[in-house]
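Listed here are the chains, written in short residue letters.
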Amino acid sequence: MCPKDINNQRLILEAAEAEFLDKGYEKARTTEIAKRAGVNHAMLHYYFQSKEKLFHMVFEDKLKMIHQLLIFNLQEDLPFPEKIKIHIEKHFDFIADHPQIPGFIILETLHNPALRELVMDSIGDKFKDVFARLEREITVEAEKGTIRYVNPHDLIFSIVALNSFYFLNYQVLAGMDLKDTDKHSRLESRKKMNVEIIINWLWG
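Below, the structure is looked at part by part. In this text, all values refer to a predicted model and were calculated from it rather than measured experimentally.

1. Describing the overall build of the protein
Secondary structure summary: the protein contains nine helices and zero strands in total. Start at the N end of the protein and walk to the C end: the helices and strands fall as α-α-α-α-α-α-α-α-α. Going through the 204 residues of the protein one by one, you find that 39% of them count as buried. Excluding contacts between residues fewer than 6 apart, the proportion of contacts in the protein whose partners are at least 24 apart in sequence is 68%.

Okay, here's the thing in C-alpha coordinates:
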(Lines give C-alpha, C1' and ligand atoms only; values in the text may rest on other atoms or scores of the structure.)
Protein backbone atom coordinates (compact mmCIF):
# COMPACT_ATOMS: atom_id res chain seq x y z
CA MET A 1 0.00 0.00 0.00
CA CYS A 2 1.42 3.38 -0.99
CA PRO A 3 1.97 6.21 1.54
CA LYS A 4 -0.94 8.20 0.07
CA ASP A 5 -3.36 5.31 0.70
CA ILE A 6 -2.06 4.87 4.24
CA ASN A 7 -2.47 8.57 4.94
CA ASN A 8 -6.00 8.64 3.48
CA GLN A 9 -7.04 5.68 5.61
CA ARG A 10 -5.60 7.32 8.72
CA LEU A 11 -7.48 10.55 8.01
CA ILE A 12 -10.73 8.68 7.44
CA LEU A 13 -10.36 6.64 10.64
CA GLU A 14 -9.59 9.76 12.67
CA ALA A 15 -12.60 11.52 11.17
CA ALA A 16 -14.80 8.48 11.76
CA GLU A 17 -13.73 8.32 15.40
CA ALA A 18 -14.66 11.97 15.89
CA GLU A 19 -18.01 11.53 14.13
CA PHE A 20 -19.00 8.37 16.00
CA LEU A 21 -17.90 9.72 19.39
CA ASP A 22 -19.83 12.95 18.79
CA LYS A 23 -23.01 11.46 17.35
CA GLY A 24 -23.09 7.69 17.86
CA TYR A 25 -23.59 5.10 15.16
CA GLU A 26 -27.18 5.92 14.21
CA LYS A 27 -26.70 9.66 13.70
CA ALA A 28 -23.23 9.51 12.16
CA ARG A 29 -23.07 9.96 8.38
CA THR A 30 -20.36 8.76 6.03
CA THR A 31 -20.74 11.97 4.02
CA GLU A 32 -19.79 13.92 7.16
CA ILE A 33 -16.89 11.56 7.87
CA ALA A 34 -15.56 12.09 4.35
CA LYS A 35 -15.95 15.84 4.78
CA ARG A 36 -14.08 15.80 8.09
CA ALA A 37 -11.31 13.73 6.50
CA GLY A 38 -11.04 15.96 3.45
CA VAL A 39 -11.69 13.11 0.99
CA ASN A 40 -14.55 12.37 -1.36
CA HIS A 41 -17.33 9.97 -0.40
CA ALA A 42 -16.36 7.41 -3.03
CA MET A 43 -12.85 7.16 -1.57
CA LEU A 44 -14.24 6.39 1.88
CA HIS A 45 -16.25 3.49 0.49
CA TYR A 46 -13.27 2.31 -1.56
CA TYR A 47 -11.18 1.89 1.58
CA PHE A 48 -13.82 0.81 4.11
CA GLN A 49 -16.84 -0.42 2.10
CA SER A 50 -19.52 0.55 4.63
CA LYS A 51 -20.40 2.67 7.63
CA GLU A 52 -20.84 -0.50 9.69
CA LYS A 53 -17.34 -1.78 8.95
CA LEU A 54 -15.84 1.60 9.73
CA PHE A 55 -17.78 1.79 12.98
CA HIS A 56 -16.59 -1.64 14.09
CA MET A 57 -12.98 -0.66 13.50
CA VAL A 58 -13.45 2.42 15.67
CA PHE A 59 -15.44 0.54 18.34
CA GLU A 60 -12.87 -2.25 18.65
CA ASP A 61 -10.07 0.28 18.96
CA LYS A 62 -11.94 2.08 21.76
CA LEU A 63 -12.71 -1.26 23.39
CA LYS A 64 -8.98 -1.98 23.62
CA MET A 65 -8.61 1.34 25.38
CA ILE A 66 -11.54 0.66 27.71
CA HIS A 67 -9.69 -2.42 28.97
CA GLN A 68 -7.32 0.01 30.64
CA LEU A 69 -10.25 1.39 32.62
CA LEU A 70 -10.78 -1.99 34.26
CA ILE A 71 -7.39 -3.68 34.44
CA PHE A 72 -6.29 -3.66 38.06
CA ASN A 73 -2.50 -3.86 38.12
CA LEU A 74 -1.31 -5.43 41.35
CA GLN A 75 2.26 -5.97 40.23
CA GLU A 76 3.70 -2.92 41.95
CA ASP A 77 5.86 -3.74 44.98
CA LEU A 78 3.92 -1.35 47.19
CA PRO A 79 1.65 -1.53 50.26
CA PHE A 80 -1.93 -2.42 49.35
CA PRO A 81 -3.40 1.03 50.20
CA GLU A 82 -0.88 2.69 47.88
CA LYS A 83 -1.75 0.28 45.07
CA ILE A 84 -5.42 1.15 45.44
CA LYS A 85 -4.68 4.88 45.45
CA ILE A 86 -2.44 4.66 42.37
CA HIS A 87 -4.99 2.59 40.47
CA ILE A 88 -7.83 5.02 41.18
CA GLU A 89 -5.68 7.98 40.13
CA LYS A 90 -4.45 6.30 36.94
CA HIS A 91 -7.97 5.25 36.05
CA PHE A 92 -9.29 8.79 36.66
CA ASP A 93 -6.51 10.38 34.61
CA PHE A 94 -7.10 7.94 31.75
CA ILE A 95 -10.76 8.92 31.52
CA ALA A 96 -9.83 12.59 31.84
CA ASP A 97 -7.70 12.15 28.71
CA HIS A 98 -10.49 10.23 26.88
CA PRO A 99 -13.75 11.55 28.41
CA GLN A 100 -16.01 10.47 25.54
CA ILE A 101 -15.08 6.80 25.59
CA PRO A 102 -17.16 5.55 28.58
CA GLY A 103 -20.36 7.14 27.28
CA PHE A 104 -19.67 5.92 23.75
CA ILE A 105 -19.19 2.30 24.84
CA ILE A 106 -22.20 2.36 27.18
CA LEU A 107 -24.65 3.93 24.74
CA GLU A 108 -23.66 1.79 21.78
CA THR A 109 -23.78 -1.50 23.70
CA LEU A 110 -27.16 -0.64 25.23
CA HIS A 111 -28.73 -0.62 21.77
CA ASN A 112 -26.75 -3.42 20.16
CA PRO A 113 -26.71 -6.95 21.67
CA ALA A 114 -23.92 -7.99 19.28
CA LEU A 115 -21.68 -5.25 20.66
CA ARG A 116 -22.48 -6.30 24.24
CA GLU A 117 -21.40 -9.82 23.35
CA LEU A 118 -18.23 -8.46 21.77
CA VAL A 119 -17.43 -6.54 24.96
CA MET A 120 -18.02 -9.57 27.18
CA ASP A 121 -15.99 -11.87 24.94
CA SER A 122 -13.08 -9.46 24.87
CA ILE A 123 -12.84 -8.94 28.63
CA GLY A 124 -14.01 -12.28 30.01
CA ASP A 125 -10.79 -14.31 30.24
CA LYS A 126 -8.59 -11.33 31.09
CA PHE A 127 -10.68 -10.34 34.08
CA LYS A 128 -10.98 -13.82 35.54
CA ASP A 129 -7.26 -13.56 36.27
CA VAL A 130 -7.55 -9.96 37.48
CA PHE A 131 -10.36 -10.80 39.90
CA ALA A 132 -8.55 -13.92 41.17
CA ARG A 133 -5.36 -12.00 41.96
CA LEU A 134 -7.28 -9.17 43.59
CA GLU A 135 -9.32 -11.64 45.63
CA ARG A 136 -6.12 -13.17 47.02
CA GLU A 137 -4.66 -9.81 47.99
CA ILE A 138 -7.89 -8.55 49.58
CA THR A 139 -8.21 -11.79 51.57
CA VAL A 140 -4.65 -11.49 52.89
CA GLU A 141 -5.20 -7.87 53.97
CA ALA A 142 -8.59 -8.67 55.54
CA GLU A 143 -7.13 -11.58 57.51
CA LYS A 144 -4.42 -9.24 58.85
CA GLY A 145 -7.18 -6.86 59.92
CA THR A 146 -5.85 -3.96 57.86
CA ILE A 147 -9.02 -3.67 55.74
CA ARG A 148 -12.57 -4.98 55.74
CA TYR A 149 -13.23 -7.75 53.23
CA VAL A 150 -14.94 -6.59 50.04
CA ASN A 151 -15.81 -8.51 46.91
CA PRO A 152 -13.18 -7.71 44.22
CA HIS A 153 -15.94 -7.21 41.63
CA ASP A 154 -17.55 -4.61 43.90
CA LEU A 155 -14.22 -2.85 44.43
CA ILE A 156 -13.38 -2.59 40.72
CA PHE A 157 -16.85 -1.57 39.62
CA SER A 158 -17.13 0.99 42.43
CA ILE A 159 -13.93 2.63 41.19
CA VAL A 160 -15.14 2.50 37.59
CA ALA A 161 -18.54 3.91 38.53
CA LEU A 162 -17.15 6.76 40.64
CA ASN A 163 -14.63 7.87 38.03
CA SER A 164 -16.67 7.26 34.88
CA PHE A 165 -19.92 8.78 36.06
CA TYR A 166 -18.18 12.00 37.01
CA PHE A 167 -17.14 12.52 33.39
CA LEU A 168 -20.49 11.43 32.01
CA ASN A 169 -22.13 14.00 34.26
CA TYR A 170 -19.48 16.61 33.50
CA GLN A 171 -20.30 16.40 29.78
CA VAL A 172 -23.95 17.12 30.55
CA LEU A 173 -22.85 20.22 32.45
CA ALA A 174 -20.29 21.28 29.84
CA GLY A 175 -22.18 24.54 29.40
CA MET A 176 -20.48 25.78 32.55
CA ASP A 177 -17.57 26.63 30.22
CA LEU A 178 -14.89 26.49 32.89
CA LYS A 179 -11.50 28.00 32.22
CA ASP A 180 -8.68 25.49 31.79
CA THR A 181 -7.23 26.39 35.19
CA ASP A 182 -10.63 25.96 36.85
CA LYS A 183 -11.17 22.65 35.08
CA HIS A 184 -7.78 21.29 36.21
CA SER A 185 -8.46 22.30 39.81
CA ARG A 186 -11.91 20.73 39.72
CA LEU A 187 -10.57 17.48 38.26
CA GLU A 188 -7.79 17.22 40.82
CA SER A 189 -10.24 17.86 43.64
CA ARG A 190 -12.64 15.20 42.37
CA LYS A 191 -9.85 12.67 41.89
CA LYS A 192 -8.74 13.18 45.49
CA MET A 193 -12.33 12.81 46.68
CA ASN A 194 -12.81 9.54 44.80
CA VAL A 195 -9.63 8.14 46.34
CA GLU A 196 -10.87 9.11 49.82
CA ILE A 197 -14.29 7.50 49.22
CA ILE A 198 -12.78 4.13 48.28
CA ILE A 199 -10.06 4.23 50.94
CA ASN A 200 -12.58 5.09 53.68
CA TRP A 201 -14.83 2.25 52.49
CA LEU A 202 -11.98 -0.25 52.72
CA TRP A 203 -10.34 1.04 55.87
CA GLY A 204 -13.31 2.62 57.61
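From this point, the narrative continues.
2. As for helix α1 (residues 3-27)
Compared with the 36 Å implied by 1.5 Å per residue over 25 residues, the 31 Å span of α1 between its first and last C-alpha is markedly short. A bend of about 80° at Leu21 is the largest found in α1. Those residues of α1 that sit buried are Asn8, Gln9, Ile12, Ala15, Ala16, Glu19, Phe20, Leu21 and Gly24.

3. Thoughts on the packing of aromatic side chains
By the definition in use, this model includes 13 aromatic pairs. When the centroid spacing of 6.3 Å and the interplanar angle of 55° are considered together, the rings of Phe131 and Phe157 count as tilted. Residue Phe131 is found in helix α7 (residues 113-144), and its partner Phe157 is found in helix α8 (residues 152-172); the two are separated by 26 residues along the sequence. For Phe131, a relative accessible area of 14% corresponds to the buried category. For Phe157, a relative accessible area of 45% corresponds to the partly exposed category. What links up through ring pairs into an aromatic cluster is the set Phe20, Tyr25, Phe55, Phe59 and Phe104. Residue placement shows Lys51 over the ring face of Tyr25; its charged tip is 4.4 Å from the ring centre.

4. Quick word on the packing of α1 against helix α2 (residues 30-37)
In contact at an axis separation of 8 Å, α1 and α2 are set at 130° when each is read in the N-to-C sense. Comparing their axes, α2 and α1 come out oblique. The way α1 lies across α2 gives a crossing that is right-handed. Residues Leu11, Ile12, Ala15, Ala16, Ala18, Glu19, Phe20, Asp22 and Lys23 of α1 form the contact with α2, whose participating residues are Glu32, Ile33, Arg36 and Ala37. Within the contact of α1 with α2, the residues separate by chemical class into eight nonpolar, no polar and five charged.

5. Re the pattern of salt bridges
All told, the structure shown has eleven salt bridges when counted by the stated rule. Between Lys62 and Glu17 there is a salt bridge, and its shortest N-O distance comes to 3.3 Å. With Lys62 in helix α4 (residues 51-70) and Glu17 in helix α1, this residue pair connects regions lying 45 residues apart in the sequence. According to the relative accessible area criterion, Glu17 is partly exposed, its value standing at 29%. Residue Glu141 is joined to Lys144 by a salt bridge in which the shortest nitrogen-to-oxygen separation is 3.4 Å.

6. Side note on unusual backbone geometry
Residues apart from glycine generally show negative phi values, whereas peptide bonds are mostly found in trans. A positive phi angle is found at Gln49, which is not glycine, with a value near 65°. Looking at the secondary structure, you find Gln49 in the loop between α3 (41-48) and α4. Look at Gln49 and you get partly exposed, because its relative accessible area is 43%.

Cut-offs applied
- Residues numbered from 1 in each chain as written.
- Predicted model: local features only at pLDDT ≥ 70, side-chain atom pairs only at ≥ 80, totals over all residues.
- Heavy atoms only, no water.
- Helix = DSSP H or I, 4+ residues; strand = E, 2+ residues; numbered from the N terminus.
- Buried < 20%, exposed > 50% of the residue type's maximum accessible area, 1.4 Å probe, protein only.
- Contact = heavy atoms within 4.5 Å.
- Expected span 1.5 Å × (residues − 1).
- Bend = angle between axes of the 7 residues up to and from the residue.
- Phe/Tyr/Trp six-rings, centres within 6.5 Å; stacked < 30°, edge-to-face > 60°.
- Lys NZ or Arg CZ within 6 Å of the ring centre and 35° of its normal.
- Axes fitted to C-alpha atoms, helices over the stretch in contact; angles between N-to-C directions.
- Parallel < 35°, antiparallel > 145°, perpendicular 65-115°, else oblique.
- Left-handed = near helix turned anticlockwise from the far one by under 90°.
- Nonpolar A, V, L, I, M, F, W, Y, C, P; charged D, E, K, R; others polar.
- Salt bridge = Lys/Arg side-chain N within 4 Å of Asp/Glu carboxyl O.

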